[in-house]
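For reference, the chains in residue letters:
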Amino acid sequence: MQQVATEQAAGEELSLAERAYRAIRDRLVMLEIRPGTPINEDQLGQSLGVGRTPVREALKRLQYERLIATYPRRGTFATDVNITDLAHISEVRQELEPLAAAQAARRATAADRATLTALLRELESADPRRPADAAGLMHLDLQVHRAIYAATHNPYLEDTLVRHDNLATRIWCLFVDRLSDMAGHVEEHGPLIEAIVAGDPDKAARLARSHVEGFERAVRDAI
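We now turn to the structure provided with this report. Computed from a prediction, not measured in an experiment: that's the story for all the values here.

Basis of the calculations
Residues numbered from 1 in each chain as written. Predicted model: local features only at pLDDT ≥ 70, side-chain atom pairs only at ≥ 80, totals over all residues. Heavy atoms only, no water. Helix = DSSP H or I, 4+ residues; strand = E, 2+ residues; numbered from the N terminus. Buried < 20%, exposed > 50% of the residue type's maximum accessible area, 1.4 Å probe, protein only. Contact = heavy atoms within 4.5 Å. Areas by Shrake-Rupley, 256 points an atom, 1.4 Å probe, with all protein chains shown as cover. Pairing = 2+ DSSP bridges. Phe/Tyr/Trp six-rings, centres within 6.5 Å; stacked < 30°, edge-to-face > 60°. Lys NZ or Arg CZ within 6 Å of the ring centre and 35° of its normal. Axes fitted to C-alpha atoms, helices over the stretch in contact; angles between N-to-C directions. Parallel < 35°, antiparallel > 145°, perpendicular 65-115°, else oblique. Nonpolar A, V, L, I, M, F, W, Y, C, P; charged D, E, K, R; others polar. Expected span 1.5 Å × (residues − 1). Arc of directions from axis to C-beta.

**Points about the overall build of the protein chain**
For the protein chain, the helix and strand inventory stands at ten helices and two strands. Ordering the α and β elements of the protein chain from the N terminus gives α-α-α-β-β-α-α-α-α-α-α-α. Among the 223 residues that make up the protein chain, the fraction classed as buried is 46%. Within the protein chain, contacts between residues separated by at least 24 positions form 75% of all contacts whose residues are at least 6 apart in sequence. Split by element, the accessible area of the protein chain, about 12000 Å² in all, is 50% carbon and sulfur.

**Regarding the pairing of strand 1 (residues 68-71)**
Examined bridge by bridge, strand 1 and strand 2 (residues 75-78) share four bridges and lie antiparallel to one another. Paired with Thr70 across the two strands is Thr76, which belongs to strand 2. Once strand 1 ends, the chain turns through three residues before running back antiparallel as strand 2, passing Arg73 with a positive phi of about 65°.

**Things to note about unusual backbone geometry**
Positive phi is not limited to glycine here, since Arg73 has a value of about 65°. When you line up the elements, Arg73 lands in the loop between strand 1 and strand 2. Residue His153 is not a glycine yet carries a positive backbone phi of 55°.

**Let's talk about the packing of aromatic side chains**
Taken as a whole and judged by the stated rule, the model has one aromatic pair. With 6.1 Å between their ring centres and 50° between their planes, Tyr71 and Phe77 make a pair best called tilted. You can call Tyr71 partly exposed: its relative accessible area is 38%. Looking at Phe77, the relative accessible area reads 16%, which means it is buried. Directly above the ring of Tyr71 sits Arg74, whose terminal nitrogen or CZ lies 4.7 Å from the centroid. One cation-aromatic arrangement involves Arg93 over Phe215; the distance from NZ or CZ to the ring centre is 5.7 Å.

**Describing the packing of helix 4 (residues 86-107) against helix 9 (residues 189-197)**
Following both chains from N to C, one finds helix 4 and helix 9 inclined at 40°, their axes separated by 7 Å at the closest point. With respect to their mutual orientation, helix 4 and helix 9 come out oblique. Seen from helix 4, the contacting residues are Ala101, Ala104 and Ala105; seen from helix 9, they are Leu192, Ala195 and Ile196. A per-class count over the contact of helix 4 with helix 9 returns six nonpolar, no polar and no charged.

**Overview of the environment of Thr53**
Secondary-structure assignment places Thr53 in helix 3 (residues 52-64). Distance from Thr53 to Glu41, taken between C-alpha atoms, is 9.3 Å for residues twelve residues apart in sequence.

**Notes on helix 3**
Compared with the 18 Å implied by 1.5 Å per residue over 13 residues, the 19 Å span of helix 3 between its first and last C-alpha is a close match. For helix 3, the set of buried residues is Pro54, Val55, Ala58, Leu59 and Leu62. The buried side chains of helix 3 occupy one side of the element, clustering within an arc of 135° when seen end-on. What points out from helix 3, more than 90 degrees from its buried face, is the exposed set Lys60 and Tyr64. Directly after helix 3, the chain includes Arg66, whose backbone phi takes a positive value near 65°.

Written as structure tokens, this is what we have:
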């Protein structure tokens, strides 16, 4: 009985740590926690309704993902958004995003296609002229990318691309007020989703590469 109780407690702690990780990660990605901001474990735990241990486990993962940095005798901070990283991030994404899109088109299950189709409907119903929908479009962009990565059914590819997409999104959030066509960038996901759902890997790969290249151009034009 004691072993079962211990295993149940460990499973609950893992669940709390995952919940804390996802919540803190997305606050960092969307710049709700601004670059350079000190990370306070107690405050994060209170805002998320979890204890210190899940927060610490989450922060370990986020440090590996370059979203936070810890300095001796100074503390832990949200990492700065450095525009010079854009070229390095884009170099990875230009190779791996087309691969992920193609594999998703080949391997997507019925559940994957249903998820992507639901996201497509959300994209079609969003109105970027409304401030709330403009913010929602940015969240939708993350959801679409993550759904595509999950549909590859390759956890190594998925993990790598989630990390790089998170870093790219932070750059996007930093310059979003200067981007001329944020809505158009997000709406490009429509044909990409349709190609994946239709099982067309070549078209999906082509659209994914164009999307990543267009993102880099748009950011550079905004600088």
